[in-house]
Amino acid sequence: MTLKNEKKLANVDIIQEGLEQLDYIGNQQIATAVFLAYHLEKPILIEGPPGVGKTELAKTVAEMLNLECIRLQCYEGLDESKAIYEWKYGKQLLYTQVLKETLGEILDGAKGLTESVSKLHEFGDIFFSEEFLEPRPLLKALKKEEGCVLLIDEIDKSDHEFESLLLEMLSDYQLSIPEIGTIKANEKRKPLVFLTSNNTREISDALKRRCLHLYIPFPDANLERQIVQARVPQIAENLRNQMVTFIQELRDMDLKKVPAISETIDWARTLILLHTESLDADLVRQTLNVILKFQEDIETVEAELQSVTNKALKENQ
Amino acid sequence: MDRTLVDFVKVLRTAEIKVSPAETLDAMECMDLVGYENREFLKNSLALVLAKNPEEKEAFDDCFERFFVMDKPAQAGNTSSDEDASGGEDEFDDGDFNAEGESQQSGKGGGQGGGQGGGEQEIDDSVPALQPTSELGKLLTNGTRTEQTISMMEAGRKVEVSKIVVFTQKGLFTRKIMDAMGLKGLQDEISDLQAQGGPGERNLAGRLKKSRDLLRERVRDYVEKQFFLHADETGKQLREELLKKVKLSSLEKRNFKDVQEVVFKMAKKLISVHSKRRKTYKRGQLDVRKTLRNNMQYDGMFFDLKWKASKVDRPKVMCICDVSGSVSNYSRFLLMFLYSLAEVLPKVRSFAFSSDLGEVTKLFEHSKLEEAMARTMRDYGNGSTDYGRMLQDFKNHVMDDVDNKTTIIILGDARNNYGDSKSEIVKEMYDKAKRVIWLNPEPKSSWTVGDAEMKKYAPCCHQTEVCNSLVHLERVVSNLLKSVA
């Protein structure tokens, strides 16, 4: 594959740097995945808990390479007419109307049924042709001449049937439309495909086999500090360290939904809005609903709020 | 290197990472691209291609560390030997893996490895060094460490050390590898040298003997590593196979953890087989678009209607378990199985009894299996079995919930202590439910012996099965899932 910004994918370090410049802080595995995806021409299946930046990775890579990011959001009941293509019925109807009127001219001078039919065959039929094709995300991605980033988001929400539908696209970068034939991607500029999954159900082996598998876990304290720093640069270092320690503590607790990075970032923004300089138990209690999304969780944490806050303060004195 | 990769894939497979041939090819392509220089990079890359879920990633890390560990010492040996090559001509470093410091000494001592005593070194200085003639002898005295390691690994491949299964084979394989490396030639040479009896010959014989013993050590180490790599998991597989077939009542407490693992694995298999089965729903909202599309081929006549909803049909299971002493173990595993299947069997209601019937559904849903089982045993486990009472209880409390989609599984030996069997209630279940399955842990021949009432119950069941091992359990549950589709 040769993309216009190929040099940005030359090696793992350059990729990591490029991502960092766009405020996407990731470990080496993430950069390695992007590197291999490009050079082996394979899609990446990204798994991990919600809010660790799976979707963000695809968007950032698109931005880094200056390519369009085509997104297909999956949901139950998604089918080929929404994902691949659809016929423009209205136009097709109009076309038949027009055809009807010109039918006389076409069949002019024909004798007998056989001759008419053969004349009709000679007349190029464009009823099923690309003009009447409404491309949906997958087809659009294939037809992009300059390459693109295709993001198939939350694949685990779709049906099993849809997964099978994707296989042809993912392994050969082509799609078959029965009426027209096979449409292939530009051999030199295949789309860079990212699939994300929250693991609500097991993805089939057939799909997994065709992809590189990247697992993004919650970041460790160090990485998370860097991420907050990159995303919310206004925040004071002291407060940043405190909140990261606090969040890391929460992740060890028995919660229904532990706070992810996106919640940490939201929280950081909240704290800035409130002109906070240092964490204290009251403040945390008031803003707890930013990081915890279940009443049960909030209750669990409130019970231990004081001790966790103190710990966060102590560690970052 | 391809060969190494294939070996590595084999190791991964024994560690229960599913690697398809296509993925192996991907890995090769990936190795071509990545190269072998940067270990971390290679590891990350291979992990992306070969391990496809978080558990597999963990196992992969472990395997990678263990499999590629021997490369490091070999390289260290290599560099040190290269340095030594300028120091003395017939030297070799036979020290252990931290050979660097010792090999300096060997350069000065005129060719002896660090492991050898000073006395011999003096002799060595006075007598011109003899060269060994056998293949292995040459390799040991003149070859670099890397060459020796390679030769050892090649020999290992030849004798298929990766097929090692139990630890008692370690000695055998060590011997086989030594033989394959040409031990016999070396032995002959040593005894020849000793027979000739000159000081030079004796010296050489001594050195060869020493290095032979050291080589044996190394081969033993190597075999040991291979054993951990290949056989550890194979042994586990063997054990698991065994556990599947053994009678559940003879399982001991220490096996429970293993069994649980096996059950989860079997359950997972069943889930993946059955979760895809879907039934097109025949009612619901008309999917206009789909219908139009589908009927275009019939000239727009609508006779193939498409509906919006598609529905997964899942069985409603009621499971009645005898938890009295003799049968409790079977109940334990049946319940374990059913609750591991929560993904495809969301509607399991379970009841336990020895005389009184009690519902334990909530208990199993909310607490850990061990705990739930222990509490069930405590609450319902004592007292003599009374099937009549149980059935009466079932009729009074639960029968109303039984409908034609319900499958009732009864697990018990049907030994009623000569009480009233109340088989008419089972008949009622038979009429109301979709299926009634009776699982009996006893062999068929004793179903009618003594106080067993199977003769009365069996006609009122759709299916009666002997069920006393995990394999049986798996078959029953699989059938259960099949029958609803």
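Being a predicted model, the structure only gives us computed values, none of them experimental.

Colleague: A description of the overall build of chain A should follow, citing residues and the corresponding values.
Modeller: A count of helical and extended segments in chain A gives 15 helices and nine strands. Residues classed as buried in chain A amount to 35% of the 317 residues present. In chain A, the proportion of contacts linking residues at least 24 apart, taken out of those at least 6 apart, comes to 78%.

Colleague: Tell me about the pairing of strand β9 (residues 212-215) of chain A, and please be specific about residues and values.
Modeller: Residues and elements named next belong to chain A. Here β9 shows a buried face lined by Leu-212 and Leu-214 and a second buried face lined by His-213 and Tyr-215. In the sheet, strand β1 (residues 44-47) pairs with β9 via four bridges, with the strands oriented parallel. Residue pairing in the sheet places Ile-46 in a bridge with Leu-214 of β9.

Colleague: Report on the sheet that holds β1(A), specifying residues and quantitative values.
Modeller: Residue and element names in this part refer to chain A. With parallel pairing, five strands are arranged side by side in an open sheet as β2-β5-β8-β1-β9. In this open sheet, the two strands that pair with only one neighbour each are β2 (69-73) and β9. Pairs of neighbouring strands in the sheet enclose a mean axial angle of 20°, with direction left out of account. Across four bridges, β1 lies against strand β8 (residues 192-197) in parallel orientation. When the sheet's bridge partners are listed, Leu-45 is paired in β8 with Leu-195. Across the face of the sheet, helix α3 (residues 54-65) comes into contact with β1, β2, β5 (149-153) and β8 while running at roughly 170° to β5.

Colleague: A description of α3(A) should follow, citing residues and the corresponding values.
Modeller: Look at α3(A): 17 Å from first C-alpha to last across twelve residues, which is about the 16 Å you get at 1.5 Å a residue. Of the residues making up α3(A), those classed as buried are Lys54(A), Leu57(A), Ala58(A), Thr60(A), Val61(A), Ala62(A), Met64(A) and Leu65(A).

Colleague: Residue-level account of the nonpolar core, with values.
Modeller: Ranked by internal contacts, the top residues of the largest apolar core, which has 98 residues, are Val149(A), Leu212(A), Leu214(A), Leu12(B) and Leu50(B). Excluding residues that lie within four positions of it along the chain, Leu212(A) makes contacts with Ala33(A), Leu36(A), Ala37(A), Lys42(A), Ile44(A), Leu45(A), Leu48(B) and Val49(B). Of all hydrophobic cores here, the second largest spans 58 residues; its members include Leu338(B), Tyr387(B), Leu439(B) and Tyr457(B).

Colleague: Would you mind going over the interface of chain B and chain A in detail, with residue names and values included?
Modeller: Across the boundary between the two partners, chain B contributes 19 residues, which contact 17 residues of chain A. For the side of chain B that touches chain A, the secondary-structure elements that each account for two or more residues are α2 (21-34), α3 (39-50) and α4 (54-67) of chain B. Looking at which element gives the most residues to the side of chain B that touches chain A, the answer is α2(B), with six residues. For the side of chain B that touches chain A, a count of residues per class yields eight nonpolar, four polar and seven charged.

Colleague: Quick rundown of the packing of helix α13 (residues 281-291) of chain A against helix α15 (residues 305-315) of chain A? Include the residues and the values.
Modeller: Residues and elements named next belong to chain A. Remark: α13 packs on α15, axes separated minimally by 9 Å, with the N-to-C direction vectors making an angle of 115°. When the interaxial angle is binned, α13 and α15 end up roughly perpendicular. Seen from above, α13 lies across α15 with right-handed handedness. From α13, Ala-281, Val-284 and Arg-285 reach across to α15, where they touch Leu-305, Gln-306 and Thr-309. Of the residues assigned to the contact of α13 with α15, the class counts are three nonpolar, two polar and one charged.

The rules we used
Residues numbered from 1 in each chain as written. Chains lettered and ligands numbered in written order. Predicted model: local features only at pLDDT ≥ 70, side-chain atom pairs only at ≥ 80, totals over all residues. Helix = DSSP H or I, 4+ residues; strand = E, 2+ residues; numbered from the N terminus. Buried ≥ 20, exposed ≤ 12 C-beta atoms within 10 Å, placed from the backbone. Contact = placed C-beta atoms within 7 Å. Pairing = 2+ DSSP bridges. Axes fitted to C-alpha atoms, helices over the stretch in contact; angles between N-to-C directions. Expected span 1.5 Å × (residues − 1). Core = buried A, V, L, I, M, F, W, Y, C linked by C-beta atoms within 7 Å. Nonpolar A, V, L, I, M, F, W, Y, C, P; charged D, E, K, R; others polar. Parallel < 35°, antiparallel > 145°, perpendicular 65-115°, else oblique. Left-handed = near helix turned anticlockwise from the far one by under 90°.

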